[in-house]
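One-letter residues, chain by chain:
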Amino acid sequence: MFLRATIRRKDGKDHRYWSVVENRRVAGDRIVQRHVLYLGEINSSQELAWRRSIEVLDEQANAPRTLALFPEDRCEGLAPDASIVRLRLSELSLRRPRQWGACWLALELWQELGLDEFWAERLSPSRKGTRWDQVLFVLTAYRLLAPGSEWRLHREWFGRTALADLLGGDERLADPHALYACHDRLVGHKEALFTHLVERWRDLFNATFDVLLYDLTSTYFESDPPLDERDKRRHGYSRDHRGDCVQVVIALVVTPEGLPLAYEVLPGNTNDSQTLRAFLAKIERQYGRARRVWCMDRGVPTEAVLAEMRAADPPVQYLVGTPKGRLNRLERALLTKPWREARPGVQVKLLAEDGELYVFAQSADRIAKERSMRRRQLKWLWSRLAQLSTMTLSRDALLMRLGSAQTKAPAAWRLVDIRVTEHDGALSYSLNRHKLRKARRREGRYLLRTNLAETDPVKLWGYYLQLVAVEEAFRTLKGDLAIRPIFHQDEQRIEAHIFIAFLAYCLHVSLGQRLKALAPGLTTRRALEKFAAVQMVDVHIPTTDGRELWLTRYTQAEPELKLLLGRLRLELPPQPPPKITAAQAARHKPL
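(A) A look at the environment of lysine 478. One can find lysine 478 in helix 17 (residues 468-478). For lysine 478, a relative accessible area of 22% translates into the label partly exposed. Spatially, the C-alpha atom of lysine 478 lies 9.6 Å from that of alanine 501, the residues being 23 residues apart in sequence. Among all residues touching lysine 478, those that are not within four sequence positions of it are Thr217, Ser218, Asp240, Ile483 and Arg484. At 2.7 Å, the side chain of lysine 478 forms a polar contact with the side chain of threonine 217. For lysine 478, the side chain forms a polar contact with the main-chain oxygen of serine 218, separated by 2.8 Å.

Encoded structure:
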């Protein structure tokens, strides 16, 4: 195996993407290359660490081993002994192949976070022996590995996995009544879970909570609005562009590393600016009053809430995005301020006003990206307008096609003056150069505001960049963990569904933190796919006396998974011990 780099030019910049590749010899003495792991963009020290891991793996792979095999017909001459079992190897059979590796990894992460002990204390077994803590793990692992409905979990997925083997349970862990009943037991433990997670994040990853990221998203339901006016499913501003559907709003607080601290489910018609005051009080009650920096996007805090944060004792520190309208008011004052370099390619200006510090930032990479997007849209729109101007269309048909063009290129549309005459529907258009110059000045530039005493532009820029962590959390919940669609109709179970997705995200981000430190460049989803390649099978070998030897075995890890296990400092458990059944005559003896 070796590292191979691929160079791709994007937005005027070269990007180098790395992969682990393996040479394999095939028919005709030819060598073909097999893609093993995609690492993405990694730095030089990370590249060196991967090369060393590959070298160690290759040295071990070349070590010779000697194995002895004994066929079943070599038992002549042996004295009769009860300890000797004669096997019919010709009748060996493999049964029930099922996915083991990713399930084992999910259980390792669950135990690493201490969630097995946490839930064992709070979810006592039922009178019939149902282990609610294990049912919850099944639901969480399902959300992490192959999200879908509870009905699919019961009918298909559970039987194709080795979860019963890992937990020492059986198919009752996926009984549909148990799955739904488990939802009813969860939400009341939400606050205790948040407190538990803070301790685990601190112990496992040495996390600090000086900077908190706060944002909101929404998730919709393809169902009719509920009749109960107190139900949280309401029509509101949809971030998923599904204003036709009822939804709920999810408010989330994470650390800059993406480690979740708390979340809240709010009515779907909640305005972003109405949520912050209650969440500040919630965090203060649960974790105490400490010096924290709250990073938020524009639209979340209101002027009244920011004033309260400044007036608190001690003041609650914040760094927030600012609407572009405020930039118009401050533009003249900012022109006189010098640029200061936050990092290569990024410059900022600092302006102190009204007890706050305004940070005007520009990024060369972001300027190039936004300018490229605007040019591409404008080029397409200009070509489309030229086509429409030569067509013979009625005025109504022309307006409909113009509306379609506006939907496809909204940013470019604002830079073009378009006129359609009333009497003959003639189309004329021209570039608005004043708007174009204004758009060019704003590309790749944005305004922040803070009440921090910090004036180091590098730190201020770094604080705001960390907001991508909470956006990545929302992408994970909606993408990898497929929080949508929500099939439940009962409001309590809807909240429990989001609660389980939150638990799955905790496992997801925990694995991501381990990968970031030990196997950089590898995504969480890709690592789970590699582990999922390890299957478990039941090996059945009948004996000459009517018994059957039963070995449950997981398959050997491929070289790339061995490499990954070594990097993550994980060790697979020993194979389960073999079993031998009673003789057939004894099992079928009539009572």
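Moving on, there is more to tell.
(B) Representation of the pattern of salt bridges. Within the structure shown, the criterion is met by 36 salt bridges. Arginine 233 is the partner of aspartate 231 in a salt bridge, and the nearest nitrogen-oxygen pair spans 3.0 Å. Grouping residues by exposure puts aspartate 231 and arginine 233 together as buried. The salt bridge partner of arginine 374 is glutamate 443, with a shortest N-O separation of 2.8 Å. With a gap of 69 residues between them, arginine 374 in helix 12 (residues 364-390) and glutamate 443 in the loop between helix 15 (433-442) and strand 15 (445-450) connect regions that are remote in the sequence. For the pair formed by arginine 374 and glutamate 443, the shared burial category is buried. If you follow the salt bridges from partner to partner, you end up with Arg96, Arg98, Asp165 and Asp538 in one network.

(C) Region of the structure containing the sheet that holds strand 11 (residues 346-353). In space, the nine strands of this open sheet follow the order 7-6-5-8-9-15-12-11-10, with mixed pairing throughout. If you trace the sheet from one side to the other, it starts and ends with strand 7 (260-267) and strand 10 (340-343), each paired once. Between one strand and the next, the sheet's axes are offset by a mean angle of 25°, whatever the strand orientation. Bridge analysis of strand 5 (residues 211-221) against strand 8 (residues 293-296) gives four bridges, and the strand direction is parallel. Residue pairing in the sheet places tyrosine 214 in a bridge with methionine 296 of strand 8. The strands touched by helix 9 (residues 276-287) within the sheet are strand 5, strand 6 (246-254), strand 7 and strand 8, with strand 7 carrying the most contacts at an inclination of about 140°.

(D) The packing of aromatic side chains, seen in detail. In this structure the tally under the stated criterion is 14 aromatic pairs. Both rings, one in tryptophan 100 and one in tryptophan 104, keep their centres 5.8 Å apart while their planes meet at 15°; by these two values the pair is stacked. Like tryptophan 104, tryptophan 100 is buried. In this structure an aromatic cluster arises from ring pairing among Trp100, Trp104, Phe531 and Tyr554. The ring of tryptophan 132 carries the charged tip of arginine 185 above its face, separated from the ring centre by 4.0 Å. A cation over a ring is seen here: arginine 233 above phenylalanine 221, with NZ or CZ 5.8 Å from the ring centre.

(E) Looking closely at the nonpolar core. Trp119, Trp201, Tyr214 and Phe531 are the most contacted members of the largest nonpolar core, which totals 144 residues. Ranked by the residues each element gives to this core, the list is headed by helix 18 (residues 491-518), at 16 residues. Beyond its immediate sequence surroundings of up to four residues, tyrosine 214 is in contact with Ala251, Leu252, Val253, Thr275, Leu276, Phe279, Trp294, Cys295, Met296, Val300 and Leu467. In this structure, Leu378, Val416, Val420 and Leu427 belong to the second largest nonpolar core, which totals 13 residues.

(F) Expanded view of helix 3 (residues 115-122). Looking at helix 3, one finds that the buried residues are Leu115, Phe118 and Trp119. Viewed along the axis of helix 3, the buried residues span an arc of 85°, placing them on a single side of the element. With respect to the buried face of helix 3, the exposed residues turned more than 90 degrees away are Glu117 and Glu121. At its buried positions, helix 3 is contacted by helix 2 (101-112), helix 4 (132-145), helix 8 (190-205) and helix 18.

(G) Molecular detail of helix 8. An ideal rise of 1.5 Å per residue puts 22 Å on 16 residues; helix 8 measures up with 22 Å between its terminal C-alpha atoms. Buried within helix 8 we find Lys190, Leu193, Phe194, His196, Leu197, Val198, Arg200 and Trp201. Elements that come into contact with the buried residues of helix 8 comprise helix 2, helix 3, strand 7, helix 9 and helix 18. Of the residues one or two after helix 8, asparagine 206 is the one with positive phi, at around 55°.

Reading guide: rules and limits
Residues numbered from 1 in each chain as written. Predicted model: local features only at pLDDT ≥ 70, side-chain atom pairs only at ≥ 80, totals over all residues. Heavy atoms only, no water. Helix = DSSP H or I, 4+ residues; strand = E, 2+ residues; numbered from the N terminus. Buried < 20%, exposed > 50% of the residue type's maximum accessible area, 1.4 Å probe, protein only. Contact = heavy atoms within 4.5 Å. Polar contact = N/O pair within 3.5 Å; in protein donor to acceptor, adjacent residues only side chain to side chain. Salt bridge = Lys/Arg side-chain N within 4 Å of Asp/Glu carboxyl O. Pairing = 2+ DSSP bridges. Axes fitted to C-alpha atoms, helices over the stretch in contact; angles between N-to-C directions. Phe/Tyr/Trp six-rings, centres within 6.5 Å; stacked < 30°, edge-to-face > 60°. Lys NZ or Arg CZ within 6 Å of the ring centre and 35° of its normal. Core = buried A, V, L, I, M, F, W, Y, C linked by side-chain atoms within 4.5 Å. Arc of directions from axis to C-beta. Expected span 1.5 Å × (residues − 1).

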